[in-house]
Amino acid sequence: MIDRGCISLTSDCTLRCTYCHFDKHHAKSCYKDMDISSFRNIMFSILEYTNIHETTFKIGLVGAGEPLLRFDLINQAIVFARKYDAANRLSFYTISNGVLLTNEMLIFFHKNKDLIALNFSVDGPEYIHDANRRFSDGTGSYQYVMQSIRKYEDLFSCTPIVNAVVHKLTIEHQTDVLDYFEHNLPSVCFSRIFDMNESLLSITNEEFENFMRLASQRNGLKLRQYLISPAKYDCTMYGRLCGVGRTNIFFIGNDIFPCARFVGQSQHRLGSNSDRLDTIEEVMHKRFPPCPDGKCWYDSLVKGVAK
Ligand code: SF4
Ligand code: SF4
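Residues numbered from 1 in each chain as written. Chains lettered and ligands numbered in written order. Predicted model: local features only at pLDDT ≥ 70, side-chain atom pairs only at ≥ 80, totals over all residues. Heavy atoms only, no water.

A. Local environment of the side chain of T10. Structurally, the position occupied by T10 is in the loop between β1 (4–7) and α1 (21–25). Polar side-chain contacts of T10 include one of 3.0 Å to the backbone nitrogen of D12. (Helix = DSSP H or I, 4+ residues; strand = E, 2+ residues; numbered from the N terminus. Polar contact = N/O pair within 3.5 Å; in protein donor to acceptor, adjacent residues only side chain to side chain.)

B. Examining the pattern of salt bridges more closely. Inspection of the entire model under this criterion finds 14 salt bridges. A salt bridge links E182 to R218; the shortest N-O distance between them is 2.7 Å. Separated by 36 residues along the polypeptide, E182 in helix α8 (residues 174–184) and R218 in the loop between α9 (205–216) and β7 (222–223) bring together distant segments of the chain. When its relative accessible area of 22% is taken as the criterion, E182 is described as partly exposed. Taking relative accessible area as the criterion, R218 reaches 18% and is therefore assigned buried. With a shortest N-O distance of 2.9 Å, D299 and R261 are connected by a salt bridge. In this pair, D299 sits in helix α11 (residues 297–302) while R261 sits in the loop between β11 (255–257) and β12 (271–272), placing the two residues 38 residues apart along the sequence. The pair D299 / R261 is uniform in exposure class, with both members buried. (Salt bridge = Lys/Arg side-chain N within 4 Å of Asp/Glu carboxyl O. Buried < 20%, exposed > 50% of the residue type's maximum accessible area, 1.4 Å probe, protein only.)

C. Quick peek at the sheet that holds strand β3 (residues 90–96). Strand order in the open sheet formed by 10 strands is β7-β6-β5-β4-β3-β2-β1-β10-β11-β12, and the pairing between neighbours is mixed. The sheet is open, and its two borders are formed by β7 and β12, each paired with just one other strand. Packed on one face of the sheet, helix α3 (residues 71–84) meets β3 and β4 (116–121) and runs near 165 degrees to β3. Contacting β4 and β5 (162–166), helix α6 (residues 142–156) crosses the sheet at an angle of about 145 degrees to β4. (Pairing = 2+ DSSP bridges. Contact = heavy atoms within 4.5 Å. Axes fitted to C-alpha atoms, helices over the stretch in contact; angles between N-to-C directions.)

In C-alpha cells:
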C-alpha cells in the first residue's frame, strides 16, 4: 500500500549546497515548476486512492528545490485538504532551508499545524552547517535558518523538527554535533549523505550506523524516523527500511518515480501525474519488487553496489 509521497514543487533554490542531490545529478531545467492544475490532479488522485483503500497518506511538499518558493502551492494543498478530505486521511510536511520564511508564512503554518508540519534543514553548529549549506556566492546560511527557527520557537512555543545531513565532517566532529542538537534542536532526523562517492564528504554505511548508535544513546535527543519500533518502510538514508516497491512514490513535473534518486532516469519512471494511483501501484509492484530489509533499492539494484 502506498502511504507516502513527495511532491516536488520547484527545482529552484535560494541556496547552492555543495552536496545537493538535484544540483549534482540532474539537469534541474528538465523539470519546470509544478503548475496548479497538475498539482490539483495529484491531490485528487491521492485523495481518491486514500478513499478507495481507506488509508492515510503522508505528503511531503519537498523535492528538487526550496518549497517556500512555491508557498502558493503549499497554501493550495491545505485549502484542498480542508475542502475535500472529509475523512482526514491526508497530512503534510515540508522542509525548508529557512531563508525565505516570512511572518505571514509562519502564521499560516501555525494556524494549520494540525495538517502540515514545517521542518527546517540544519546540519549542526555554524561551522558544520556553513561548510556545505551556502548561497551561490559561497557565504553560509546558518544565520538565516536560525533566525527563522527563533521566530518559529516564539510562535509555536517549541523547537521545530530539523533534518540534518550526516557526512564526513559530521563524523569527525560527532560529539560536538550531538551536543549541539541535544541542547538546541533535539527533534532531529539524521540522514546519510548519498551519491557523493567521489567526494571527501562521503561516508560508509557503517560510519552512519555508528553515528546513529551514539545518537541513540543521547537521552536528550528525540530522534525522528530511527530505531522506532516497529520499523517502518521509508528510506534507509534515514535509518529506516527502503519503501521503494512498497510505500513510497515521488512526483516531479509530469512524472512519477519510485523515489527521488531515480528522478531523470526515464527507464525507471512509473507513470505520469494524470495516471490513477492504483495504476501506478500496479506498475510499481511489477517493476520494483521490494528489496530485502536493510538494502537500498537504488544502491543495490541500479548501481549494483551492495551496501
Ligand atoms: S537547500 Fe536543498 S534543494 Fe536547495 S541547494 Fe540545498 S540541498 Fe539543494
Ligand atoms: S531506493 Fe534508497 S534512497 Fe530510495 S527510498 Fe529506498 S533506501 Fe531510500
